Amino acid sequence: MTELEGPLEGFHNYIVDTFAPEDDALTSAREESKRAGLPEISISPSQGKLLHILARLAGARRILEVGTLGGYSAIWLARSLPIDGSMISLELDPHHADVARRNIERAGLSPQVEVRVGAAADSLQKMREAGEEVFDVIFIDADKDGYPKYLELCLPLLREGGLLLGDNTLPDAVLDASADSGTKRYNTTVAANSELTSVIVPALRSRGVDGLTISIKSGA
Ligand code: SAH
Ligand code: DHB
Ligand code: MG
């Protein structure tokens, strides 16, 4: 499904209008990203609000994001942080990272959010080798083929009891003709991991139904 149909569009608009209206920083992050030629594939406002609430529930002081794009999801997540909290977001494309840094600056979050350019697998490997402090929340949202690798590299960087979130994990996993999509393997792997307690929450976006895989690093 690429666009919401029937009552789903009304459901989506209702949730966004009632619970996740954008302020100027979020609206301009989306508009400036579009103006700069970035694809319009960021999370929706309601997904942003969900990520924000989950990060607050997790008491997040350190957040890691894999796949920055124009910084839209980073703004929703970073707003959950206490004043001395911090976030690192990994992005392959230097142009995306530039646009994101400007959007994050406009949101007043530059002191807390660092955008790091490079292939996420390399950046994650370096973080492990450098003995990077663990994170409370990790949000995986980069290239979908990379999800299984990111899972493997991110788990040691997540604190015990921390929250692991994977975007775009429902339609591909179910509808993709290729039996072995990255998101499907990601779901199967987290579901089978005894150190994780996981579920997918379906989510509405203007571009269709999607899903967020939510895992706590703590066995049932
Ligand atoms: N989290 C963003 C959307 C991310 S879109 C939001 O919701 O606002 C996916 C991003 O992952 C794109 O910016 C893309 O350039 C980036 N990406 C693709 N392959 C990557 C890789 N190997 N390493 C890091 N980032 C990658
Ligand atoms: C697409 C959507 C996303 O949310 C994402 O992170 C990457 C790609 C897409 O629809 O192509
Ligand atoms: Mg996504």
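Refer to the preceding data block for the structure.
Nothing here was measured: the structure is a model prediction, and the numbers come from that model.

> How should the site of ligand 1 be read in this particular structure?
Around ligand 1, 19 residues are found, and the nearest of them are Ser73, Glu91, His96, Ala120 and Asp141. Between ligand 1 and the protein, one listed contact pairs a nitrogen atom with a backbone N or O atom of alanine 120 at 2.8 Å. Here a nitrogen atom of ligand 1 sits 2.8 Å away from a polar atom, N or O, in the side chain of aspartate 141. Expressed as a share of its isolated accessible area of 580 Å², the protein-covered part of ligand 1 is 88%. Partitioning the shell around ligand 1 into residue classes produces 9 nonpolar, 6 polar and 4 charged.

> What's the story with the site of ligand 2 in this structure? I'm lost.
As a matter of local geometry, ligand 2 sits amid Ile41, Asp141, Lys144, Asp167, Asn168, Arg205 and Arg207. Contact between ligand 2 and isoleucine 41: an oxygen atom at 3.1 Å from a main-chain N or O atom of the residue. One of the side-chain N or O atoms of arginine 207 is found 2.6 Å from an oxygen atom in ligand 2. Protein chains shield 67% of the accessible area of ligand 2, which is 290 Å² for the free molecule. Taken together, the residues of the shell around ligand 2 break down into 1 nonpolar, 1 polar and 5 charged.

> Help me understand a nonpolar patch on the surface in this model?
On the surface, Tyr14, Ile15 and Phe19 cluster together to form a nonpolar patch covering roughly 320 Å² of accessible area. Of note, phenylalanine 19 is situated in helix H1 (residues 7-19).

> Got a minute to help me understand the coordination of the magnesium ion (ligand 3) in this structure?
Reference values for coordination geometry: four tetrahedral donors around a metal ideally subtend 109.5 degrees, six octahedral donors ideally subtend 90 or 180 degrees. Distances from the magnesium ion (ligand 3) to its protein donors, Asp141 (OD), Asp167 (OD) and Asn168 (OD1), fall within 2.0 to 2.2 Å. Ordering the donors of the magnesium ion (ligand 3) by residue number gives the pattern D-x25-D-N. With aspartate 141 in the loop between strand E4 (135-140) and helix H7 (147-154) and asparagine 168 in the loop between strand E5 (158-167) and helix H8 (171-175), this residue pair connects regions lying 27 residues apart in the sequence. Asparagine 168 shares its class with aspartate 141; the two are buried.

> What exactly am I supposed to notice about helix H5 (residues 94-106) here?
Counting along an α-helix, one turn takes 3.6 residues, and residues three or four places apart therefore face a common direction. Taking 1.5 Å of rise per residue, the 13 residues of H5 would be expected to cover 18 Å, and the 18 Å separating its terminal C-alpha atoms lies within 8% of that figure. Those residues of H5 that sit buried are His96, Ala97, Val99, Ala100, Asn103 and Ile104. Down the axis, H5 shows its buried residues gathered within 165° of arc, on one side only. The inward-facing, buried residues of H5 abut helix H2 (24-35), helix H4 (72-78), strand E2 (86-91) and strand E3 (113-117). Put simply, aspartate 93 is the residue that caps the front of H5, since its side-chain oxygen is 2.8 Å from the backbone nitrogen of histidine 95. Of the residues trailing H5, glycine 108 is marked for its positive phi of about 75°.

Rules used throughout
Residues numbered from 1 in each chain as written. Chains lettered and ligands numbered in written order. Predicted model: local features only at pLDDT ≥ 70, side-chain atom pairs only at ≥ 80, totals over all residues. Heavy atoms only, no water. Near = heavy atom within 4 Å. Polar contact = N/O pair within 3.5 Å; in protein donor to acceptor, adjacent residues only side chain to side chain. Areas by Shrake-Rupley, 256 points an atom, 1.4 Å probe, with all protein chains shown as cover. Nonpolar A, V, L, I, M, F, W, Y, C, P; charged D, E, K, R; others polar. Patch = residues over 30% accessible without salt bridge, like charges linked within 9 Å, V, L, I, M, F, W, Y side chains within 5 Å. Salt bridge = Lys/Arg side-chain N within 4 Å of Asp/Glu carboxyl O. Helix = DSSP H or I, 4+ residues; strand = E, 2+ residues; numbered from the N terminus. Donors = N, O, S within 2.8 Å, 3.2 Å for Na, K, Ca; no water. Buried < 20%, exposed > 50% of the residue type's maximum accessible area, 1.4 Å probe, protein only. Expected span 1.5 Å × (residues − 1). Arc of directions from axis to C-beta. Contact = heavy atoms within 4.5 Å.

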